[in-house]
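# Observations on chain architecture
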2 protein chains.
Amino acid sequence: MVTNTQVIFSKVPSTFPVSGEHITINKSQFDLEAPLAEGEFIVKTLVLSVDPYMRGRMRDASIKSYAPAFILGQPMDGHSVMQVIKSNSVKTKEGDYLYGMGKFEEYTKWNDKTASEQNLVVRNDPKSNGIPVSYYVGVLGMPGLTAHYGLYAIGNIKKGETIYISAASGAVGQLAGQISKAHGLRVVGSAGSAEKVAYLKEIGFDAAFNYKTDDTDAKLTELCPNGVDVYFENVGGKMLEIVLTHMNTFGRIIGCGMISQYNLAKPEKVGNLMNIVSKRLKFEGFIIFDHPEAESQFLKDVTQMILDKKIRYQETHTKGIENTPEALLDVLTGKNFGKQVVDVANV
Amino acid sequence: MVTNTQVIFSKVPSTFPVSGEHITINKSQFDLEAPLAEGEFIVKTLVLSVDPYMRGRMRDASIKSYAPAFILGQPMDGHSVMQVIKSNSVKTKEGDYLYGMGKFEEYTKWNDKTASEQNLVVRNDPKSNGIPVSYYVGVLGMPGLTAHYGLYAIGNIKKGETIYISAASGAVGQLAGQISKAHGLRVVGSAGSAEKVAYLKEIGFDAAFNYKTDDTDAKLTELCPNGVDVYFENVGGKMLEIVLTHMNTFGRIIGCGMISQYNLAKPEKVGNLMNIVSKRLKFEGFIIFDHPEAESQFLKDVTQMILDKKIRYQETHTKGIENTPEALLDVLTGKNFGKQVVDVANV
Ligand SMILES: NC(=O)c1ccc[n+]([C@@H]2O[C@H](COP(=O)([O-])OP(=O)(O)OC[C@H]3O[C@@H](n4cnc5c(N)ncnc54)[C@H](OP(=O)(O)O)[C@@H]3O)[C@@H](O)[C@H]2O)c1
Ligand SMILES: NC(=O)c1ccc[n+]([C@@H]2O[C@H](COP(=O)([O-])OP(=O)(O)OC[C@H]3O[C@@H](n4cnc5c(N)ncnc54)[C@H](OP(=O)(O)O)[C@@H]3O)[C@@H](O)[C@H]2O)c1
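Figured I'd write up the structure that's included with this text. (Residues numbered from 1 in each chain as written. Chains lettered and ligands numbered in written order. Predicted model: local features only at pLDDT ≥ 70, side-chain atom pairs only at ≥ 80, totals over all residues. Heavy atoms only, no water.)

### Considerations on the overall build of chain A
Which entries qualify depends on this criterion: Secondary structure follows DSSP: runs of H or I at least 4 residues long count as helices, runs of E at least 2 residues long count as strands, and numbering of each begins at the N terminus. The globule rule used here is 2.2 Å times the number of residues to the 0.38 power, and the radius of gyration it is set against is calculated over C-alpha atoms. Categorising residues by exposure relies on relative accessible area from a 1.4 Å probe, with only protein chains included: less than 20% of the type maximum marks a residue as buried, more than 50% marks it as exposed, and the intermediate range marks it as partly exposed. In this description, contact between two residues means that some pair of their heavy atoms is separated by no more than 4.5 Å.
Each helix and strand in chain A was counted, giving eleven helices and 15 strands. For chain A, the C-alpha radius of gyration of 21 Å lies close to 20 Å, the compact-globule estimate for 347 residues. Projected onto its principal axes, the C-alpha positions of chain A cover 65 × 45 × 35 Å. Residues classed as buried in chain A amount to 59% of the 347 residues present. For chain A, contacts bridging at least 24 residues in sequence account for 69% of all contacts bridging at least 6.

### Here's the deal with the site of ligand 1
Residues and elements named next belong to chain A. Put simply, the test is: By convention in this text, a residue qualifies as near a molecule or strand provided that one of its non-hydrogen atoms is within 4 Å of it. We call two N or O atoms a polar contact when they sit within 3.5 Å, provided that within protein one can donate a hydrogen and the other can accept it, with sequence-adjacent residues counted only if both atoms are side-chain atoms. Computed by Shrake-Rupley with a 1.4 Å probe, the accessible areas treat only the displayed protein chains as cover when residues are assessed.
Close contacts around ligand 1 come from 27 residues, with K196, Y211, Y262, I288 and N336 the closest. Between ligand 1 and G192, the relevant distance is 2.9 Å, taken from an oxygen atom to a main-chain nitrogen or oxygen of the residue. One of the backbone N or O atoms of C256 is found 2.9 Å from a nitrogen atom in ligand 1. When isolated, ligand 1 has an accessible area of 900 Å², and the protein chains bury 92% of it.

### Quick notes on the sheet that holds strand β9 (residues 186–191) of chain A
Think of a sheet as strands paired side by side through backbone hydrogen bonds, with each pair either parallel or antiparallel. We count it as follows: Think of it this way: DSSP has to see at least two bridges between two strands before they count as a pair. Fitted lines through C-alpha atoms give the axes, limited to the stretch in contact for helices. The angle between two N-to-C directions lies from 0 to 180 degrees.
With mixed pairing, twelve strands are arranged side by side in an open sheet as β10(A)-β9(A)-β8(A)-β11(A)-β12(A)-β13(A)-β13(B)-β12(B)-β11(B)-β8(B)-β9(B)-β10(B). Strands at the two margins of the open sheet, each flanked by one partner only, are β10 (207–210) of chain A together with β10 (207–210) of chain B. Across the sheet, the axes of successive neighbouring strands diverge by a mean angle of 15°, strand direction being ignored. One ladder, built from four bridges, connects strand β12 (residues 247–255) of chain A with strand β13 (residues 282–285) of chain A; its direction is parallel. Bridging from a neighbouring strand, I253 of chain A pairs with F283 of chain A of β13 of chain A. Against the sheet, helix α7 (residues 216–223) of chain B contacts β8 (162–165), β9 (186–191) and β10 of chain B, and its axis sits at roughly 170° relative to β10 of chain B.

### Concerning the site of ligand 2
All names here are of chain B. Counted only if it meets this: Note that Gly is not counted as nonpolar here; it falls among the polar residues with everything else outside the nonpolar set of Ala, Val, Leu, Ile, Met, Phe, Trp, Tyr, Cys and Pro and the charged set of Asp, Glu, Lys and Arg. Throughout, the edges of the domains are those of an automatic or database domain assignment.
Taken together, 27 residues form the shell around ligand 2, and within it K196, Y211, Y262, I288 and N336 come nearest. In the model, an oxygen atom of ligand 2 is placed 2.8 Å from a nitrogen or oxygen of the A171 main chain. Between ligand 2 and the protein, one listed contact pairs an oxygen atom with a side-chain N or O atom of N336 at 2.5 Å. Coverage of ligand 2 by the protein chains reaches 92% of its 900 Å² of free accessible surface. Every element with two or more residues in the shell around ligand 2 is listed here: α4 (142–154) and α11 (324–333). When the residues that make up the shell around ligand 2 are grouped by side-chain class, the tally is 17 nonpolar, nine polar and one charged. Three or more residues apiece are contributed to the shell around ligand 2 by two domains, here domain 1 (2–138 + 313–343) and domain 2 (142–289).

### Quick look at the packing of aromatic side chains
Residue and element names in this part refer to chain A. Rules: Any Phe, Tyr or Trp ring, taking Trp's six-membered ring, that has another such ring centre within 6.5 Å forms a pair; planes under 30 degrees apart are called stacked, those over 60 apart edge-to-face, and the others tilted. The rule for a charge over a ring is simple: NZ of Lys or CZ of Arg within 6 Å of the ring centre, and within 35 degrees of the ring normal.
Applying the stated criterion to the full structure yields 16 aromatic pairs over all chains. Ring plane angle 40° and centroid distance 5.6 Å describe the contact between Y149 and F286, whose orientation is recorded as tilted. Within this pair, whereas Y149 is found in helix α4 (residues 142–154), its partner F286 is found in the loop between β13 and α10 (295–307), the two being separated by 137 residues in sequence. With a relative accessible area of 14%, Y149 lands in the buried category. Taking relative accessible area as the criterion, F286 reaches 3% and is therefore assigned buried. With 5.4 Å between their ring centres and 85° between their planes, Y199 and F337 make a pair best called edge-to-face. Residue Y199 is located in helix α6 (residues 194–202), and its partner F337 is located in the loop between α11 (324–333) and β15 (339–343); the two are separated by 138 residues in the primary sequence. Residue F337 is classed as buried on the basis of its relative accessible area, which comes to 11%. An aromatic cluster is present here, built from Y164, F209 and Y231 joined pairwise through their rings. Between the NZ or CZ atom of K103 and the centre of the ring of W110, over which it lies, the distance is 5.4 Å.

### Topic: the pattern of salt bridges
How we decide: In the sections that follow, a salt bridge refers to a side-chain nitrogen of Lys or Arg positioned within 4 Å of a carboxyl oxygen of Asp or Glu.
Enumeration according to the criterion identifies 32 salt bridges over all chains in this entry. Between E284 of chain B and K282 of chain B there is a salt bridge, and its shortest N-O distance comes to 3.4 Å. Residue class for E284 of chain B comes out buried when judged on its relative accessible area of 18%. With a shortest N-O distance of 2.9 Å, D343 of chain B and K319 of chain B are connected by a salt bridge. Placement of D343 of chain B in strand β15 (residues 339–343) and of K319 of chain B in strand β14 (residues 315–319) is noted, with a sequence separation of 24 residues between them. By relative accessible area, D343 of chain B is classed as buried at 18%. One connected set of salt bridges, linked through shared partners, spans K238 and E241 of chain A together with K269 of chain B.

### Topic: the relation of the copies chain B and chain A
The test is simple: Alignment of the copies relies on least squares applied to C-alpha atoms, considering only residues that score at least 70 for pLDDT in both.
Rotating chain B by 180° and translating it 0.0 Å along the rotation axis places it on chain A, where the RMSD comes to 0.0 Å. Within this description, the copies of the chain are treated as partners about a two-fold rotation axis. A share of 100% of the interface residues of chain B reappears at the interface of chain A, consistent with the copies meeting face to face through the same patch.

Shown next as structure tokens:
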């Protein structure tokens, strides 16, 4: 028997979730020695990802949305890298790394059917290519795919254009900026601290500003003198309202997320929408879960960029699964700097 | 010498324009007998179109937008059918009907260069096909093309889907509904009077309601039980905010216009925008002036539908060019029923 620490969804929050109230830690026992039926295997979680969209899953299960509600009293789940420690399945062998929607607990018993439902795939590349395992839930995981897909499939980015990225230092934003730069765009970003802004300039953004201390409207006028052709929308609300007035004709707004709204009891309304018509804008939302077909090209492209040292990727590591609630809250309040991950076990 | 009555843009309005103040009538003299230089010709205006977008042109010329500002002190212009009454041009002959951006005056002298800048084209079809000349500024003119292009190129309408159309009895809306119906969609519309709603049902809308007396949210729930796949957005503001909550995943919003906002000193803000992301909506604006290439297919399709009596088209005729200011104001306040035209001369 080993202790299996779990992260439990325990109450629906109405604004910001509180650790110990809406998300709690449970310690249960896990029998590593119990015999496995055919097709069963046990994993230990190596690293897990906390992401903004999880706030949307912390809702009453009767409300439908793109990602299923977390189940009250049950472990949360999310993108993780796990390692198989015991297997009676022909699909996985001891030592394999798996990527997919893992449970937020130290040990999980899967079988081939449940594993395939959660899209667990063997991903042993980090064993040999020197890329950190945590990258596989970040720049090479769901957020990375989001940046890549958003830019190409939705944003239709073109060399010479100007892109503006909000929440630019985050898991999605920092990669979106670096891909855009590699593609030949002028890249402008905003983030919520001086440290984040300095980092954006270091990794090649043409310009960056702190939207908390600077005037966004004035900064966009100054830093996007030819207007904004593509807006990578991560924030929503007042930010969107201002950016709309800076868009160029035939501009695209990549509707990725609106994190400024997720914890508001009453979301804000947005002005300046007539710009969508008068400037012939395309404002298109997407959810990356719909596009597994885009993953292989993305992995090829971005793995190569990483190996070629053409990309840097900032992460915040929280140690210990019991600190997952705080790690998630940090993402929702902007305390994370870069991709927020939780290191659950040593690799 | 004949009297040439002209409609003059005389002052920039801040809310609704007022006839006699922001738009005035001028009577000048026109010499029909003066000799014409090579390439010159004279037209008399038969019918002219007043359209919502004209409100946007009544602005300070320093503000850039998709259509040029009207020039203070000069005749307004807009889509018209004109007849050539004298010509020294090889491109037009006496008696020809022309369609394009005519001046809001009874007589105009053009030359080949200015005529081509205003996209004047010979359109003699109504001389032989029995279709009223006024249709060529409505169902077969700019508003008709807007409906056709919006549905196909932006809305990507598909058989079996539900479309909701606001300002549905208008110049654009009534055709959009009938094309959608012919294409196999469920078609729901709203308009601002009982008479307009009754008309929508007569011409084949599956359902229609009066957004002024009915609750839009409740009506959409009732009349679009499977949600809205395509929203033909003519109105903006509160209407858009409500429709967003009725959209289906992967729905399209055809960003055609936001007439409820054109006369507000301070446009409204709109809530529920997170639906664009969570439902993967595409909200795309367009301006029909960008798409002359779409005209020939449209004319072919819709002319045939009219000749086959598959389409009905409601118009409001105002007699006399001196009543143009009121006709435009009627469109902006919803007093028009169907396409608003001004009959300037007998055909
Ligand atoms: N469509 C999809 O499939 C998909 C997939 C992944 C992510 N997303 C979306 O992409 C966006 C970024 O996600 P991510 O994973 O890259 O997160 P992240 O940027 O790494 O972390 C979230 C960041 O958002 C910023 N933020 C938090 N509250 C804010 C507020 N009230 N106003 C403005 N900024 C605020 C903070 O940075 P600052 O210090 O800069 O404020 C925070 O660090 C989110 O909207 C997320 O929902 C969408
Ligand atoms: N994108 C383009 O290239 C393009 C081209 C043509 C037209 N448009 C747009 O398409 C829309 C319809 O134009 P149209 O030519 O067909 O005009 P229309 O519908 O024939 O006339 C305007 C109608 O709008 C409605 N309306 C007026 N004020 C309103 C308000 N405050 N709230 C709600 N509805 C209001 C009225 O009908 P009710 O009685 O139903 O209220 C009025 O009859 C407009 O937004 C216009 O700007 C766009």
